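# Chain and residue survey
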Amino acid sequence: MTDQADTSERKPKTGGKTLSLKRTVESGHVRQNFSHGRTKTVVVEKKKSRTLKTGAAAAEEPAKAKKAPAAAKAAEEPAPAAVEAEAPKPAKKKAEAPAAAPAAAAPAAKEKPASRARSGVVLRTLTEEEKQARALALDSAREREGEDRRRAEEEARRFADEDARRERERTEAAARATEEAARLAAEQTTRSRAADEAKRRLDTDAPAGRVATKDLKADEGDDDEKPKRGAGHTPAKPPVARRTEERRRGKLTITKAFDDEGERQRSLASMRRRVERERKKHMGIQEAPQKIIREVVIPEIITIQELANRMAERAVDVMKILMKQGIMLKITDVIDSDTAQLVAEELGHSVKRVAESDVEEGLVGEDDTTETKKPRAPVVTVMGHVDHGKTSLLDALRKTDVAAGEAGGITQHIGAYQVNLSSGARITFLDTPGHAAFTSMRARGAKVTDIVVLVVAADDGVMPQTIEAINHAKAASVPVIVAINKMDKPEADPARVKNELLQHEIVVEDFGGDVLAVPISAKTGMGLDKLEETILLQAELLDIRANPDRAAEGIIVEAKLDRGRGPVGTVLVQRGTLRVGDIIVAGAEWGRVRALINDRGENVMSAGPSEPVEVLGLGGAPEAGDVMSVVESETRAREVTEYRQRVQRDKRVGTGGRTSLDQMLSQLKEQDKKELPIVVKADVQGSAEAIVQALEKLGTDEVTARVIHVGAGGVTESDITLATASGAPVIGFNVRANAQAREAARQAGVEIRYYSVIYDLVDDIKAALSGMLSPELRETFLGNAEILEIFNISKTGKVAGCRVTEGVVRRGSSVRLIRDDVVVHEGKLSTLKRFKDEVKEVQSGQECGMAFENYQDMRKGDVIECFDVEVVKRSLA
Ligand code: GDP
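Let me begin by describing the structure that accompanies this report.

Calculation criteria
Residues numbered from 1 in each chain as written. Predicted model: local features only at pLDDT ≥ 70, side-chain atom pairs only at ≥ 80, totals over all residues. Heavy atoms only, no water. Pairing = 2+ DSSP bridges. Helix = DSSP H or I, 4+ residues; strand = E, 2+ residues; numbered from the N terminus. Axes fitted to C-alpha atoms, helices over the stretch in contact; angles between N-to-C directions. Contact = heavy atoms within 4.5 Å. Buried < 20%, exposed > 50% of the residue type's maximum accessible area, 1.4 Å probe, protein only. Near = heavy atom within 4 Å. Polar contact = N/O pair within 3.5 Å; in protein donor to acceptor, adjacent residues only side chain to side chain. Areas by Shrake-Rupley, 256 points an atom, 1.4 Å probe, with all protein chains shown as cover. Core = buried A, V, L, I, M, F, W, Y, C linked by side-chain atoms within 4.5 Å. Left-handed = near helix turned anticlockwise from the far one by under 90°. Nonpolar A, V, L, I, M, F, W, Y, C, P; charged D, E, K, R; others polar. Phe/Tyr/Trp six-rings, centres within 6.5 Å; stacked < 30°, edge-to-face > 60°. Lys NZ or Arg CZ within 6 Å of the ring centre and 35° of its normal.

### A short note on the sheet that holds strand β27 (residues 752-755)
The sheet built from 4 strands is open, its strands ordered β25-β24-β26-β27 with parallel pairing. Looking at strand neighbours, the two that pair on one side only are β25 (704-712) and β27, the edges of this open sheet. Recorded for the sheet is a direction-independent mean angle of 25° between the axes of neighbouring strands. The sheet contacts of helix α23 (residues 685-696) involve β24 (675-682), β25 and β26 (730-733), and relative to β25 the element is tilted by about 175°.

### Let's talk about the sheet that holds strand β8 (residues 379-384)
Strand order in the open sheet formed by 6 strands is β9-β10-β8-β11-β12-β13, with mixed pairing between adjacent strands. One side of each edge strand has no neighbouring strand; the edge strands of this open sheet are β9 (416-420) and β13 (516-519). For this sheet, the mean inter-axis angle between neighbouring strands, taken without regard to orientation, is 30°. Strand direction decides the pairing type here: strand β11 (residues 451-457) and strand β12 (residues 480-485), joined by 6 bridges, are parallel. Bridging across to β12, Val456 finds its partner in Ile484. Running over the sheet, helix α16 (residues 390-399) touches β8, β9, β10 (426-430) and β11 and is turned about 150° from β8.

### Focus on unusual backbone geometry
Although it is not a glycine, Asp387 adopts a positive phi angle of roughly 70°. Relative to the assigned elements, Asp387 resides in the loop between β8 and α16. On the basis of relative accessibility, which here comes to 63%, the residue Asp387 falls in the exposed class. Look at Lys486: it is not a glycine, yet its phi comes out positive at around 60°. Of note, Lys486 is situated in the loop between β12 and α19 (494-503).

### Brief notes about the site of the ligand
Of all residues adjacent to the ligand, which total 15 residues, the nearest are Lys390, Thr391, Ser392, Asp488 and Ala522. In the environment of the ligand, an oxygen atom lies 2.9 Å from a nitrogen or oxygen atom belonging to the backbone of Lys390. Ser392 is positioned with one of its side-chain polar atoms (N or O) 2.7 Å from an oxygen atom of the ligand. Surface burial for the ligand is 73%, taken as the share of its 570 Å² of free accessible area covered by protein chains. Ranked by residues supplied to the shell around the ligand, first place goes to α16 with 3 residues.

### Digging into the nonpolar core
Leu393, Phe429, Val453, Leu531 and Ile535 are the most contacted members of the largest nonpolar core, which totals 26 residues. Among the elements of the structure, β8, α16, β9, β10, β11, β12 and α20 (528-542) are those that each provide at least two residues to this core. The contacts of Leu393, once residues within four sequence positions are left out, are Val382, Val453, Val455, Ile520, Ala522, Leu528 and Leu531. Among the nonpolar cores identified, the runner-up in size contains 21 residues, and Val462, Ala473, Val482 and Ile506 belong to it.

### Describing the packing of helix α12 (residues 304-311) against helix α13 (residues 315-324)
Orientation of α12 relative to α13, taken along the N-to-C sense of each, is 115°, at an axis distance of 8 Å. Like other packed secondary-structure pairs, α12 and α13 cross with a definite hand, here right-handed. Touching Ile304, Leu307, Ala308 and Met311 of α12 are Ala315, Val318, Met319 and Leu322, all from α13. Looking at the contact of α12 with α13 residue by residue, the class counts come to 8 nonpolar, no polar and no charged.

### Here's the deal with the packing of aromatic side chains
Evaluation of the coordinates by the stated rule reveals 2 aromatic pairs. Summarising the aromatic geometry, the rings of Tyr417 and Phe429 are spaced 5.7 Å apart at their centres and angled 35° between planes, so their arrangement reads as tilted. With Tyr417 in strand β9 and Phe429 in strand β10, the pair connects residues that are 12 residues apart, well separated along the chain. Comparing Tyr417 with Phe429 shows no difference in burial state: the two are buried. The interplanar angle of 80° and the centroid separation of 6.1 Å between the aromatic rings of Phe852 and Tyr855 together place this pair among those described as edge-to-face. One exposure class covers both Phe852 and Tyr855, and it is buried. It is Arg736 that lies over the ring of Tyr754; its NZ or CZ is 3.9 Å from the centre. Between the NZ or CZ atom of Arg742 and the centre of the ring of Phe781, over which it lies, the distance is 5.7 Å.

Below is the structure:
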């Protein structure tokens, strides 16, 4: 429509230009701009009064002129709207006319502005040209009119078409809607019919469930039914969803809206967190293979915690791995190096197994060359039977020092002293008599003693401890010098002593042997110089030498924590020279030597080979027998001692376990564990198996017994190690623990229970498991005796000639006969004789005769264990 208006307006404009002379209306098109970019072209008109005059008359009849234009115009301008609009506004034109009149000076009549300006000049007839133009204009106007009409008609037709189309569409849509509605209705009926059908079938087939299922399955397989059901289901979904959507929208409240929003945010956040977690986890997994592979130093035993620390792993992971192997352990439990290695390797670490010797590598220097070695004082240990005069001899020898009696003689008891002889020679005596010290030092690998002086009382002869001393000396390959003491006594019988010694493979010179024997009296001082000479002679034979010009190495002879001075250790320098300021390592302790004090109580700056000195400056008191060495730096000292301390700690941790049966159970309760591990050792494989079977049947709701190790034979150290590591008690069935195992068990706190009746064993464990231990029959070990000889005595039968090796043997106490750590008999003694008399008890070291009640099969080498049985009321820990 607007287009039409435009065209209609454009046309007059074109026409206007053409009919320039006739124009009474100045019109223009103004484009109006509206908001939203809409524009509208409007026609602006300006009307002018037209003056049509012919010659002078034109000026005289202005009124006529006023009317004329209307007529003229009617003839000239067929466009009605424009003409009509011009007429009612004469006044304005009149006012304009006088203004224009004086200005009209131009003679040109052709120009329409000029003609207008020269108003009232002529009423001009139309020129040919003008007529033509007018005709043309008329034609075009007519043409335009026709065109407009045609267009309008066309438009109308188009509209009609459009309407028809819309109408058609509407009808079609309505038809479709009806169709759809019909279809939906049809579906609904189908569905409900299917449901009814299913229900009906279920109802009918309810008693036979399987049949119903079968039917349903058959239904599913039915091709006819399937599409129907499918058609019924698929389109049904969107309306339902739409409905819920609408319902939700309808019920939406602000709170709900916020809630919903919050929920959405939360889930989003949690999703993000989850993604993040996943990412991290993923990264973690990726990182895992990149973890630091460590070389883990594994000592002989290690706690799980320590192992985890060294690997920088979590102890839990270590325990998990062990658990997979079926080993249930706590974080503080110790495992052996093999297990630790398995764990470390499982976790991807490399393992460095270390033995104590590894850390101490290089600590003890290499052997010195012969030319650097110089003679040193021999180190002597005095041994012998109790009361034979060891202490007396040591005191007496002390006094033989050249400075003795004067100020500065040997005044201090530091564990060893050195005697200066008038000849200038020196002898060092270890001030700790008795073979126990000697052996304990030897057991630590310290060979301190060069010569053993065996003191035998001339009036008493060879006694058990004399023999023991001989054996120890022999075992240590240390030469023996026999000092036959108490020669001042009238009953002294050195010949007898020498004779008795022969029995123990000590053949003195008199008898053609190489053992030197010196008769002395510690009381009177007789023969002491001779003894010293003999010692020096022996030392010469031994060619005792050491290199004094090197870093000192020695042995701790004695150590204590002195109140005023702190830890003090007496070092017997073995080679090299110890100086003030040296950094030393002794056992698990180290320190810088602050002062050295000799046996005279003097401060010295150094101590050479075989010189005993007290050392001040250690961090702690080491133990007697510990090896002392000088190291190059504090770092090295720390390294060594830290390692040694760790080993000690590990051992302590291992020994700290509470593994008696009672303690085990309370521990189990604490830990809520369900198993009681047990190590079983039995005399024969058959009984071992019987015990295991019996024990494994014993489970209660609370706990069950689990035999972690079973074997035939005596209880050995390795059994104890295992028991310690597992926190298990050891059960010995008709077997005994050997000495090392006993000691290990004592240190580790592992309980060894001995049984000889399988029912007792089972009952005890059963009672233990059910938490109702009956009063415990506790054995108190009294002593052991070794059978040296079996005598057949007509009246009493077989009698064992024994020597009590440990503790005491008492008549009336229970005894067991043990052969190779296995109990072969248990019962009572019928006889306990010392020499010819019946005695109540026999002390360690003494010999005696023993016979069993109703038992004859004793053999040489068997051990008779003597013990008391006491009833201990079981107290719950
Ligand atoms: P230890 O147990 O081996 O150290 O022996 P002791 O040195 O304690 O001596 C035990 C007893 O024997 C003491 O009463 C000493 O007096 C005594 N005794 C030690 N030596 C002699 C000696 O040569 N002659 C005499 N008559 N008695 C001695």
